[in-house]
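# Structure assessment
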Amino acid sequence: MQRLTLGDFELIAVSDGAYRLDGGAFFGVIPKVMLSKKVSSDENNYVPVGLNSIVVRTSDHTVLIETGIGNKLPEKMAKIYGQPAKLLENLSAAGIAPEDIDIVINSHLHFDHCGWNTVMRGGKPVATFPKAKYYVQEGEWQYAQRPSERDGVSYMTDNYDPLVASGQMQLLRGEQEIVPGISVRVFPGHTQNMQAVMVRSGGKTASYISDFIPTSAHLDLNWVMAFDLFPLQSLESRKKYYAEAIPQRWLTMFTHDPKLPWGHVEKDEKGKMMVRGA
Ligand SMILES: [Zn+2]
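As a convention, each chain's residues are numbered from 1 in the sequence order in which they are written. The predicted origin of the model limits local features to residues at a pLDDT of at least 70 and limits the giving and counting of side-chain atom pairs to 80 or more, whereas totals for whole chains, interfaces and linings rest on all residues. Excluding hydrogens and water, the side-chain figures rest on all heavy atoms present in the structure.

## Concerning the overall build of the protein chain
Secondary structure elements are taken from DSSP: a helix is a run of H or I of four residues or more, a strand is a run of E of two residues or more, and numbering for both begins at the N terminus. Helices and strands together make up the secondary structure of the protein chain, namely eight helices and 16 strands. A compact globule built from 278 residues would reach a C-alpha radius of gyration of about 19 Å, and the protein chain, at 17 Å, matches this within 12%. Exposed residues in this analysis have more than 50% of their type's maximum accessible area, buried residues have under 20%, and partly exposed residues fall in between, with area computed by a 1.4 Å probe over protein chains only. The burial tally for the protein chain puts 52% of its 278 residues in the buried class. Partitioning the intrachain contacts of the protein chain with sequence separation of at least 6 by distance along the chain shows that 68% fall at a separation of at least 24. To get the radius of gyration, use the C-alpha atoms; to get the globule rule, take the number of residues to the power 0.38 and multiply by 2.2 Å. What makes two residues a contact is simply this: any of their non-hydrogen atoms within 4.5 Å.

## Points about the pairing of strand β4 (residues 62-65)
Successive side chains on a regular strand alternate, one facing one side of the sheet and the next facing the other. Here β4 shows no split at all, with Thr62 and Leu64 on one side and Val63 and Ile65 on the other all buried. The rule for pairing is simple: two strands pair if DSSP sees at least two bridges between them. Here four bridges tie strand β3 (residues 46-57) to β4, and the two strands are oriented antiparallel to one another. From the neighbouring strand, Arg57 faces β4, where its bridge partner is Thr62. Following β3, the chain reverses through four residues before pairing antiparallel with β4. Of the strand pairs in this sheet, β4 and strand β5 (residues 103-105) are connected by three bridges, and their pairing is parallel.

## Examining the environment of Asp22
Mapped onto the secondary structure, Asp22 falls in strand β2 (residues 9-22). For the pair formed by Asp22 and Ile69, sequence separation is 47 residues and the distance between their alpha carbons is 17 Å. When residues no more than four places from it in sequence are discounted, the contact partners of Asp22 are Asn44, Asn45 and Tyr46. In this structure the side chain of Asp22 is engaged in a polar contact, spanning 3.1 Å, whose partner is the backbone nitrogen of Ala25. Polar contacts, as used here, are pairs of N or O atoms within 3.5 Å; protein pairs need one atom able to donate a hydrogen and one able to accept it. Residues neighboring in sequence count only if both atoms are side-chain atoms.

## Regarding the coordination of the zinc ion
Nitrogen, oxygen and sulfur within 2.8 Å of a metal are treated as its donors, or within 3.2 Å for sodium, potassium and calcium (Na, K, Ca); water is not counted, so a site can appear incomplete. Coordination of the zinc ion by the protein is provided by His108 (NE2), His110 (ND1), His190 (NE2) and Asp211 (OD), with metal-donor distances spanning 2.1 to 2.3 Å. Sites are called tetrahedral only when four donors show all angles between 85 and 135 degrees, square planar or octahedral only when four or six donors show opposite pairs over 155 degrees and all other angles between 65 and 115, and irregular in any remaining case. Around the zinc ion sit four donor atoms, and with donor-metal-donor angles ranging over 81 to 172 degrees the site reads as irregular. The sequence pattern formed by the donor residues of the zinc ion is H-x1-H-x79-H-x20-D. Linking His110 in the loop between β5 and α5 (111-114) with His190 in the loop between β11 (182-186) and β12 (195-201), this pair joins segments that are 80 residues apart in sequence. Each member of the pair, His110 as well as His190, is classed as buried.

## Here's the deal with unusual backbone geometry
With a phi angle near 70 degrees, Asn45 is a residue other than glycine that sits in the positive phi range. Phi is positive for Ala85, which is not a glycine, with a value near 55 degrees. Relative to the helices and strands, Ala85 is located in the loop between α3 (75-81) and α4 (87-93).

## Some details on the pattern of salt bridges
A side chain with one charge may pair with a side chain of the opposite charge, provided their charged atoms come close. What makes a salt bridge here is a side-chain nitrogen of Lys or Arg within 4 Å of a carboxyl oxygen of Asp or Glu, nothing more. Taken as a whole, this structure holds nine salt bridges when the rule is applied. Ionic pairing is found between Glu138 and Arg173, a salt bridge with its closest N-O pair at 2.5 Å. With Glu138 in helix α6 (residues 138-145) and Arg173 in the loop between β9 (169-172) and β10 (176-179), the pair connects residues that are 35 residues apart, well separated along the chain. For Glu138, a relative accessible area of 18% translates into the label buried. The network of salt bridges with common partners includes Arg3, Glu10 and Arg57.

## Topic: the layout of surface pockets
The way it works is a 1 Å grid over only the protein atoms, where trapped points that fit a 1.4 Å probe form a cavity and open points with protein on both sides within 12 Å along at least five of seven lines form a pocket, and then any residue with an atom within 4 Å of a point lines it. Grid points are joined across faces, edges and corners, and a volume is the space filled by probe spheres set on the points. Put simply, the largest pocket is a space of about 340 Å³. What lines the largest pocket is a set of 18 residues, among which Lys38, Val39, Ser216, Ala217 and Asp257 lie closest to the centre. Sorting the residues of the lining of the largest pocket by element identifies α1 (23-27) and β3 as the ones contributing at least two each. For the second largest pocket, the calculated volume is near 250 Å³. Lining the second largest pocket are 15 residues; nearest its centre among them are His110, Phe111, Ser154, His190 and Phe227. Elements with a minimum of two residues in the lining of the second largest pocket: β2 and α5. Within the lining of the second largest pocket, the residues separate by chemical class into seven nonpolar, four polar and four charged. Each residue gets one label: Ala, Val, Leu, Ile, Met, Phe, Trp, Tyr, Cys and Pro are nonpolar, Asp, Glu, Lys and Arg are charged, and the others, such as Gly, are polar.

## Focus on the nonpolar core
Ranked by internal contacts, the top residues of the largest apolar core, which has 26 residues, are Leu109, Phe129, Tyr134, Tyr160 and Met169. Secondary structure elements with two or more residues in this core: β2, α4, β8 (133-137), α6 and α7 (161-166). Excluding its chain neighbours within four sequence positions, the residues that come into contact with Leu109 are Cys114, Val136, Glu140, Trp141, Ala144, Ser154, Tyr155, Tyr160 and Met169. Among buried residues, the Ala, Val, Leu, Ile, Met, Phe, Trp, Tyr and Cys ones that are joined through side-chain atoms within 4.5 Å form a nonpolar core.

## So, the sheet that holds β3
With respect to topology, seven strands assemble into an open sheet ordered β1-β2-β3-β4-β5-β8-β9, the strand pairing being mixed. This sheet does not close on itself; its edge strands, each paired only once, are β1 (2-6) and β9. Taking the axes of each pair of neighbouring strands and ignoring which way they run, one obtains an average angle of 25 degrees across the sheet. As defined by bridge partners, β1 adjoins β2 across five bridges and the pair is classed as antiparallel. By the bridge assignment, Thr5 is partnered in β2 with Glu10. Fitted lines through C-alpha atoms give the axes, limited to the stretch in contact for helices. The angle between two N-to-C directions lies from 0 to 180 degrees. In this fold α6 packs onto β8 and β9, with an angle of close to 80 degrees to the strand it touches most, β8.

Right under this line is the structure:
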C-alpha cells in the first residue's frame, strides 16, 4: 500500500488485487513484438492487470475513487478474468472501515471499476459503503441501461441500479465539484461519458484518469486499449490531458497498473513519454 501527501490531503493507493486480460485486447493495435518489451504475457497471452482504487482523505471527507471488481462476478466471468476481491481487506489494513467512506466516485460502470459498490446480503445487492454517497455521470448510467453488444458484458446492473433507485447514487452532468478540492471531468474515448477525478490541494493536482490511460505502459498516444469504444476520441482526450498534466506536473493515477499506482508523466528530450514515480 502506498501513501502520499498532496497539499492538505492524504492519498492512499488501495488495491482490489490483480486480474488478467488478453495482452492484445489490453494494448489495441500495438503488435506483440512491441508490447512484449514493456509487459510479459503468459502462455495464454494474459497480462497481469491491477485494480487500483484511491482513498483521498481531506479534513472533512474520506473519498474512495473506484471500487475494483468486487466479489459478485458470475462463475464464468470469474474463470476468465479472476476475481481477487481484496479491496475490503486492503482498506482494513489501511485502517479504513466501510462505514468510514462518505463518498464513492466511479469513473464509469464497467464491472472492473464499480464491483465493490454493492455486496449481496440476503440475496439482494446492498451498498458496501452504507454511509457513502456514490457518484457517476448520468450519461454513463443511461448507456449502462442499454449498452451495445460490444461492451454489454461489462455492465452488471447490481453494481449501480439499486443505488440509483434508492437515491444513494447521484448522477452528474459533466464537470462538477463533489467536495472542495475534488471534482470530476469527462474525457470521452473509452466510453462516451467516462469521468476523471481531479484532486487539488495546496496548489498541487492529482488526476485519476481511469481507463483512458490505464497503466504506465499505455502512455504513448496510440497505445489505446482495444476495449475503447471511440479510440480516436481517446487519442484526442490524451492530447488534451497531457497538454495540461505535463507542464503543470499533475500526479497521474493509473487504474490498472499492477505495480505503479501513480507517477508524473514527462516527455524526455526525444519527445518520448515516460513516467517518474512519486
Ligand atoms: Zn472500462
